[in-house]
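Observations on the model geometry
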Amino acid sequence: MREEMTRREEAELRRGHQKPRSPEGWGLLLLLWYLAFYKPIITESHLRRKNIKFIFIRFSAWQYAGCDKLWAGLVTTLCDNIRHHFGALPLSVYHVMGTRPRFASGFSQKEWVLKTGTCLKLWGMLFVLGVGLSVLLVALLVPGIKDHQALKVVGSAVTSLSGSGLVLGAFSVLKNMLISEKQKIERLTNSQKFASQLGFMNKVHSEVEVLVDFLTFMEIFERRRLRVVLEITSLDICYPEKVAGVLNAMNTLLSDSNTPFIFILAVDPSIIVPCLEQTGCMKGLADNGYLYLNRTVTLPFSIPEMGARSRLRYLEAAVQTREDLMYRIITSNVERRRAKCRGVPALPNRREVDAEAVRCIHEAFRCLHDGADPLARYLPTDGVHVRRIVNTIPITLRLLLHRSGTPGTPAPRSAAAWVVLADQWPCRLSWALQCLEDAWQSRPAPDFGARTLWNIFQENVGELSALRQPLHNVLSLDGDPELFQTFLAADFPFTARDARAFLGVTVNLDHSIRHKMGLLRGLHRLQKAAATPVSRSVQCPH
């Protein structure tokens, strides 16, 4: 959008049109002059302008999730950011003296019309003020007229009446500078009579209308189109009623056809739709959240999955945030060099183990970042999951080194693959581990440890299918089942012995899932045993 803004600006200048103005420096004085004495006119040439300026406002719904009315936070954020962008003084002067833009009549290309009434009133007030001051000065200073009290009273009254209009105007501007639109809306929402205030939404809408008119005024002054882009994020981690409130606020702000607002709604529909269906805003839409979104969103853009190059680039950015790894390498090298210079032997074990851990971590990240390695194919397309994997691998490798006590025991590539497996398929991995645990408890054959985890999972997948109803929410956490098969059967054939070694250091797997599976598996077996008919020979005689 910024590139498009620059391209249009350059193209408009090449066409030879007027150069855009800026409300800064001398431009601010010119803006105040136009605000006070001119009325803006929307002409045909203005509507044909192609140059545009975007004002970006980021609204994180999570920051306002604690307030009663989340949509009020959206409106106050909009008002506050526009105020900060243009300054408090121009907006305050517009509140007091500004005129709503109107369309030109006929083919007139005149964008500014003098406020004749305002000018006459101002000149009249100044003239009366000058006359009053003159009479008052004459009554106070001229020797022969000093004793006339009536003249002093008339001069004082005329001066006070004429000057009070100017003082009231200045006071109104000062008041609007000190009390922003955000504070006005917050005061309305904090009122004890908020629930019974029938005109509340009308007041909020009127404040937004003033902002829209002010933006149109600034469009004509700056000689470019203005669009306010609101980026709404973190909405899918708020309560359902908050989600519906924000979407309703969006529809309210976009209710007028000429509003200069663009909403970028960055959400996960699989989370937003159930939230909408739980609220009362679905009445009349057959309780269909997708239908509501289709009527709200005018340009749907479903972001495609990351390609291999994008995933590696995001992984590299996530690894670079782990400054602690580089810091440990640098400090250990400096300490080793100092110890050698002083002739003092370096402290044993602790630093060596730390250096070995850093080496293993770097090796694991190198395998993840290698496009030729099969492990890179299994990197998730979600940035949050990539960051979780990057944060988990160092902990897993350090725990493995701490448990083994001998350098080189854990294979960094295998540890990284195990972390990816636990992150991408937590339900299926938990089921395989639970079946493995039950098998170990029943004292299996000595060669059981050499069996692959995929074979164990395949033998018990029918039982998992029977329990899919109570495990529905957990199964929805898993990724592609075909990729799970390729991962365990071909690329990373972990054995039962490997799984037992990694289980104690698997920190990114919710072990409560496995415990729930153990209970469900036990109950399922009891139900099967109860349903099996018992022969007469083994029945109890009693």
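Everything numeric here is computed off the predicted structure, so don't read it as measured data.

Definitions and cut-offs
Residues numbered from 1 in each chain as written. Predicted model: local features only at pLDDT ≥ 70, side-chain atom pairs only at ≥ 80, totals over all residues. Heavy atoms only, no water. Helix = DSSP H or I, 4+ residues; strand = E, 2+ residues; numbered from the N terminus. Buried < 20%, exposed > 50% of the residue type's maximum accessible area, 1.4 Å probe, protein only. Contact = heavy atoms within 4.5 Å. UniProt positions renumbered as here; feature names shortened; annotations may be inferred. Expected span 1.5 Å × (residues − 1). Pairing = 2+ DSSP bridges. Axes fitted to C-alpha atoms, helices over the stretch in contact; angles between N-to-C directions. Arc of directions from axis to C-beta. Salt bridge = Lys/Arg side-chain N within 4 Å of Asp/Glu carboxyl O. Phe/Tyr/Trp six-rings, centres within 6.5 Å; stacked < 30°, edge-to-face > 60°. Lys NZ or Arg CZ within 6 Å of the ring centre and 35° of its normal. Patch = residues over 30% accessible without salt bridge, like charges linked within 9 Å, V, L, I, M, F, W, Y side chains within 5 Å. Areas by Shrake-Rupley, 256 points an atom, 1.4 Å probe, with all protein chains shown as cover. Parallel < 35°, antiparallel > 145°, perpendicular 65-115°, else oblique. Nonpolar A, V, L, I, M, F, W, Y, C, P; charged D, E, K, R; others polar. Core = buried A, V, L, I, M, F, W, Y, C linked by side-chain atoms within 4.5 Å.

Each helix and strand counted, the protein chain has 24 helices and six strands in total. Within the protein chain, the proportion of its 542 residues that are buried is 39%. Look at the contacts in the protein chain between residues 6 or more apart in sequence, and 80% of them connect residues 24 or more apart.

Let us look at the UniProt feature "transmembrane region" (unreviewed entry) in the protein chain. UniProt feature "transmembrane region" (unreviewed entry): in the numbering of this structure it lies at residues 25-42, 122-142 and 154-174. Structurally, residues 25-42 is divided into 67% helix and 28% strand, and its ends, taken at the C-alpha atoms, are 25 Å apart.

Another point: helix α17 (residues 412-424). The α-helix advances 3.6 residues per turn, and as a result positions three or four apart in sequence lie on the same side. With 13 residues, α17 ought to run about 18 Å at 1.5 Å a step, and its terminal C-alpha atoms sit 18 Å apart, in line with that. When you tally the buried positions in α17, you get 11 out of 13 residues, the bulk of the element.

Right, let's talk about the pairing of strand β5 (residues 225-233) for a bit. Among the nine residues in β5, seven count as buried, and that is most of the element. By the bridge criterion, nine bridges tie strand β2 (residues 52-60) to β5 in an arrangement that is parallel. Within the sheet, the bridge partner assigned to Ile-55 lies in β5 and is Val-228.

Here we take up the sheet that holds β2. With parallel pairing, the three strands of this open sheet are ordered in space as β2-β5-β6. At either end of the open sheet lies a strand with only one pairing partner, and these are β2 and β6 (261-265). On average, adjacent strands in this sheet sit at an angle of 20° to one another, irrespective of strand direction. Those strands touched by helix α10 (residues 240-253) are β5 and β6, and its axis lies near 155° from that of β6.

Attention shifts here to unusual backbone geometry. Look at Arg-223: it is not a glycine, yet its phi comes out positive at around 60°. Arg-223 sits in the buried class, given a relative accessible area of 17%. Backbone geometry at Ser-234 places phi at a positive 60°, although glycine is not the residue there. Checked against the element boundaries, Ser-234 lands in the loop between β5 and α10. We classify Ser-234 as partly exposed; its relative accessible area is 23%.

This brings us to helix α1 (residues 2-14). A rise of 1.5 Å per residue sets the reference length of α1, with its 13 residues, at 18 Å; its end C-alpha atoms lie 19 Å apart and thus fit the reference within 8%. Listed in full, the buried residues belonging to α1 are Met-5, Glu-9, Ala-11 and Glu-12. Summarising the axial view, the buried residues of α1 lie within an arc of 165°, below the 170-degree limit, and thus occupy one face. Turned more than 90 degrees off the buried face of α1, the exposed positions are Glu-3 and Arg-14.

Scanning the model with the defined rule gives 22 salt bridges in all. A salt bridge links Arg-366 to Glu-363, with the nearest nitrogen and oxygen atoms 3.0 Å apart. Linking Arg-366 with Glu-363, this pair stays in helix α15 (residues 350-369), spanning three residues, or about one helical turn. Arg-525 serves as the salt-bridge partner of Glu-463, at 3.7 Å between the closest nitrogen and oxygen. Of this pair, Glu-463 sits in helix α20 (residues 461-466) while Arg-525 is found in helix α24 (residues 511-531), placing the two residues 62 residues apart along the sequence. Note on Glu-463: relative accessible area 16%, which makes it buried. Given the relative accessible area of 44%, Arg-525 is considered partly exposed. One continuous salt-bridge network, built from bridges that share partners, spans Asp-438, Glu-463, Arg-521 and Arg-525.

Under the defined criterion, the tally for this structure stands at 21 aromatic pairs. Between Tyr-34 and Trp-112 the ring centres are 4.4 Å apart and the planes differ by 40°, which places this aromatic pair in the tilted class. Of this pair, Tyr-34 sits in helix α2 (residues 26-37) while Trp-112 sits in strand β4 (residues 112-114), and the two are 78 residues apart along the sequence. For Tyr-34, a relative accessible area of 15% corresponds to the buried category. Among the aromatic residues, those joined into a ring-pair cluster are Tyr-378, Trp-418, Trp-425, Trp-454, Phe-457, Phe-484, Phe-487, Phe-492, Phe-494 and Phe-502. The ring of Trp-440 carries Arg-500 above its face, with NZ or CZ at 4.5 Å from the centroid.

A cluster of nonpolar residues, Met-1, Ile-262 and Ile-264, forms a patch on the protein surface that exposes about 230 Å² of accessible area. One can find Ile-262 in strand β6. Residue classification places Ile-262 among the partly exposed positions, given a relative accessible area of 30%.

We now examine the packing of helix α18 (residues 426-441) against helix α23 (residues 496-503). Two elements in contact, α18 and α23, have axes separated by 11 Å at closest approach and are oriented at 105°. Looking at the two axes, α18 sits roughly perpendicular to α23. Of α23, the residues touching α18 (which contributes Leu-433, Leu-436 and Trp-440) are Ala-496, Ala-499, Arg-500 and Leu-503. Among the residues forming the contact of α18 with α23, the class breakdown is six nonpolar, no polar and one charged.

What follows covers the nonpolar core. Counting residues in hydrophobic clusters, the biggest one holds 57 residues, and the most contacted among them are Leu-368, Ile-393, Trp-418, Leu-421, Phe-487 and Phe-494. Ignoring any residue separated from it by four or fewer positions in sequence, one finds Phe-494 in contact with Ser-414, Ala-417, Trp-418, Leu-421, Arg-451, Thr-452, Leu-453, Phe-487, Leu-488 and Phe-502. Core analysis: the next-biggest nonpolar cluster, separate from the first, contains 50 residues, Ile-232, Val-243, Tyr-292 and Leu-293 among them.

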